[in-house]
Amino acid sequence: SIFLNGEKLKGKGLSDYVKYYFDESYEFKTFYEADSSVLSTFSSDYIEKVKNTRHKTSIWKKSIEIEIKTLEMLIEKYGEPKFIKVDVEGFELEVFKGLKHKIGVVSFEYNIPELQVEMIACMEQLNSIGYELFNFSKGETLLMNEKWLTLNDFLLLLDNKEINMSNFGDIYVK
C-alpha cells in the first residue's frame, strides 16, 4: 500500500505515486547485487555472458528495484559535464540511449569477447548523436592509442584483428 500524508492512495501503484508526487518520469529497474560489488549490474544479459567465463566464481543472488534517471535528466538538473565515465557492467547501451546530444568526452568500459557486440552498439549509438572519434585503453592502464579513429576505421581494424585490445579496458569517444 502507498500512503501520502497518512492517506492510502487507492488504486495507485508505486510508479503512479512517484510520477504524481514528484511530477517527473521515473523508471525502476532490477539491480543484481554480486558478491563482489564491482560486478553488480542492471543487466541480466551481462550476468549470463560472464558467469561461466571470466567471472565463474562470482554469485549474483540478491536483486532490488532501483530508481534510475537518464543522462539527459541529470544534465538538465546539474548541467553539462565535460567528461562522463560509464562503468555499469553491461548496461552501457541503456545509459547511452538516455543521452540525446553530444556533450564533452565519454568513456565506457569494454569486455571482449563476451560483450563485443554490445561495445560496438554503444559506439554506434554515440556516433548517431554526433561523436565522431574513438580510442581505447587496455585494462586499467589509461594509456590510449596515439591516433583517434573514426567509427568505421576503428571497426575495420577490430574486424581485421589489427587492434590489440586486451579482454577489458575503456573506450573513449569525442
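The structure displayed is predicted, hence computed values, not measured ones. (Residues numbered from 1 in each chain as written. Predicted model: local features only at pLDDT ≥ 70, side-chain atom pairs only at ≥ 80, totals over all residues. Heavy atoms only, no water.)

K.L.:
Describe the packing of aromatic side chains, naming the residues involved and giving the relevant values.
P.N.:
Counted by the stated rule, this structure contains two aromatic pairs. Ring centres of Phe96 and Phe108 lie 5.4 Å apart, and the angle between their planes is 70°; this geometry places the pair in the edge-to-face category. Residue Phe96 is found in helix H4 (residues 92–97), and its partner Phe108 is found in strand S6 (residues 105–111); the two are separated by 12 residues along the sequence. Given a relative accessible area of 0%, Phe96 falls into the buried group. (Phe/Tyr/Trp six-rings, centres within 6.5 Å; stacked < 30°, edge-to-face > 60°. Helix = DSSP H or I, 4+ residues; strand = E, 2+ residues; numbered from the N terminus. Buried < 20%, exposed > 50% of the residue type's maximum accessible area, 1.4 Å probe, protein only.)

K.L.:
Any details on helix H5 (residues 116–128)? Residues and values, ideally.
P.N.:
With 13 residues, H5 extends 18 Å between its outermost C-alpha atoms, agreeing within 8% with the 18 Å of an ideal straight helix rising 1.5 Å per residue. What H5 keeps buried is the set Met119, Ile120, Cys122, Met123 and Leu126. On an axial view of H5, the arc spanned by its buried residues comes to 155°, and they lie on one face. With respect to the buried face of H5, the exposed residues turned more than 90 degrees away are Val117 and Ser128. With its phi angle positive at about 115°, Gly130 sits one or two positions after the end of H5. (Expected span 1.5 Å × (residues − 1). Arc of directions from axis to C-beta.)

K.L.:
Could you give an account of the environment of Trp60, naming the residues involved and the relevant values?
P.N.:
Structurally, Trp60 can be placed in strand S4 (residues 60–68). Look at Trp60 and you get buried, because its relative accessible area is 16%. Sequence separation between Trp60 and Asp35 is 25 residues; the distance between their C-alpha atoms is 6.4 Å.

K.L.:
Lay out the packing of H5 against helix H6 (residues 151–159) in plain terms, naming residues and giving numbers.
P.N.:
It is at 11 Å that the axes of H5 and H6 come closest, and there the two elements cross at 165°. Here H6 runs roughly antiparallel to H5, going by the angle between their axes. Judged by the twist between their axes, the crossing of H5 over H6 is left-handed. Together, Gln116, Met119, Ile120, Met123, Glu124 and Asn127 of H5 and Leu151, Phe154, Leu155 and Leu158 of H6 make up the contact between the two elements. Tallied by class, residues from the contact of H5 with H6 come to seven nonpolar, two polar and one charged. (Axes fitted to C-alpha atoms, helices over the stretch in contact; angles between N-to-C directions. Parallel < 35°, antiparallel > 145°, perpendicular 65-115°, else oblique. Left-handed = near helix turned anticlockwise from the far one by under 90°. Contact = heavy atoms within 4.5 Å. Nonpolar A, V, L, I, M, F, W, Y, C, P; charged D, E, K, R; others polar.)

K.L.:
With reference to specific residues and values, describe the nonpolar core.
P.N.:
Nonpolar side chains in soluble globular proteins tend to end up buried together. Grouped together as the largest cluster of nonpolar side chains are 32 residues, with contacts concentrated most on Phe96, Phe108, Met119, Leu126 and Ile171. Elements that contribute at least two residues to this core include exactly helix H3 (71–78), strand S5 (83–86), H4, S6, H5, strand S7 (134–138), H6 and strand S8 (168–173). Counting residues per element, this core draws most heavily on H5, which supplies five residues. Counting seven residues, the second largest nonpolar core, distinct from the first, contains Leu39, Tyr46, Val50 and Trp60. (Core = buried A, V, L, I, M, F, W, Y, C linked by side-chain atoms within 4.5 Å.)

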